[in-house]
Amino acid sequence: MKKLLIVVDMQNDFITGTLGSSQAEKILPNVKAKILEYMQNKDQVFFTRDTHHENYLSTQEGKYLPIIHCIKGTEGHQIAKELCTEDCEVFDKTTFGSLEFSKYIAVISEDFDEIELCGLCTDICVVSNAIILKAQLPEMKITVDAKCCAGVTEESHKAALLTMKMCQVNVINQE
């Protein structure tokens, strides 16, 4: 059984930077262990990066969330150094959920029996990408590991997990 792991936006700005949180820091060891498990099993690992530019504050997102983060080329844009990105593809996305990314995954999906997602933030980018992938690939088993995700708040994290379950995404390790 061949699996694909998508590590969503485990970037410095979301862990210890401008939008960092203790919940994001707490899941870092779990995400690292998940990545190593996939690599040991010779499964594929992809990383996504939230990617903005210098004009961020003038974008729609920037008007709703006026905190500069994940500006391409900055330290905050980089994936946490604790996570092994060697031999992994990194996809820069400019929106919460990326249609371009899901179309790319759909093209290579015949190589996989399951797609698993983890990362940040459960209630924004993880849920968006999981639902887009499920819509793009309705017969694919899409899984989200709750212990490898963190939301903006614990309440919104739980709400996103419930939303994904209702949309036939397999949620595992939920407390």
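Preceding this section is the structure that the text describes.
Residues numbered from 1 in each chain as written. Predicted model: local features only at pLDDT ≥ 70, side-chain atom pairs only at ≥ 80, totals over all residues. Heavy atoms only, no water.

Asker: A description of the packing of aromatic side chains should follow, citing residues and the corresponding values.
Answerer: Scanning the model with the defined rule gives 3 aromatic pairs in all. With centroids separated by 5.8 Å and ring planes inclined at 65 degrees, the aromatic side chains of F46 and Y104 adopt a geometry described as edge-to-face. Separated by 58 residues along the polypeptide, F46 in strand β2 (residues 44–50) and Y104 in helix α4 (residues 99–108) bring together distant segments of the chain. Members of the aromatic cluster, each reached through a chain of ring pairs, are F46, F91, F101 and Y104. (Phe/Tyr/Trp six-rings, centres within 6.5 Å; stacked < 30°, edge-to-face > 60°. Helix = DSSP H or I, 4+ residues; strand = E, 2+ residues; numbered from the N terminus.)

Asker: Could you give me a rundown of the sheet that holds strand β4 (residues 114–120), with the residues and numbers involved?
Answerer: Here 6 strands make up an open sheet; going across it, the order is β3-β2-β1-β4-β5-β6 and the pairing parallel. The open sheet is flanked by β3 (89–93) and β6 (170–172), the only strands paired with a single partner. Direction aside, the axes of adjacent strands within the sheet are offset by 25 degrees on average. As paired elements, strand β1 (residues 3–8) and β2 share 5 bridges and run parallel to each other. Paired with L5 across the strands is V45, a residue of β2. Sheet contacts for helix α5 (residues 122–136): β1, β3, β4 and β5 (141–150); angle to β4, the most-contacted strand, approximately 165 degrees. (Pairing = 2+ DSSP bridges. Axes fitted to C-alpha atoms, helices over the stretch in contact; angles between N-to-C directions. Contact = heavy atoms within 4.5 Å.)

Asker: Any details on helix α6 (residues 154–166)? Residues and values, ideally.
Answerer: Over its 13 residues, α6 runs 19 Å from end to end, which matches the ideal 18 Å to within 8%, given 1.5 Å per residue. Inspection of α6 places H157, A160, L161 and M164 among the buried residues, and these make up the whole buried set. When α6 is viewed along its axis, its buried side chains cluster within an angular range of 100 degrees and face the same direction. Turned more than 90 degrees away from the buried face of α6, the exposed residues are E155 and M166. If you follow the buried residues of α6, they end up packed against α5, β5 and β6. (Expected span 1.5 Å × (residues − 1). Buried < 20%, exposed > 50% of the residue type's maximum accessible area, 1.4 Å probe, protein only. Arc of directions from axis to C-beta.)

Asker: So what's going on with the environment of T48? Residues and values would help.
Answerer: Considering the arrangement of structural elements, one finds T48 in strand β2. The exposure class of T48 is buried, given its relative accessible area of 0%. Remark: the alpha-carbon pair of T48 and C125, spanning 77 residues in sequence, is separated by 9.7 Å. In this structure T48 touches I6, V7, V8, D9, M10, Q11, F91, K93 and F101, once residues within four positions along its chain are discounted.

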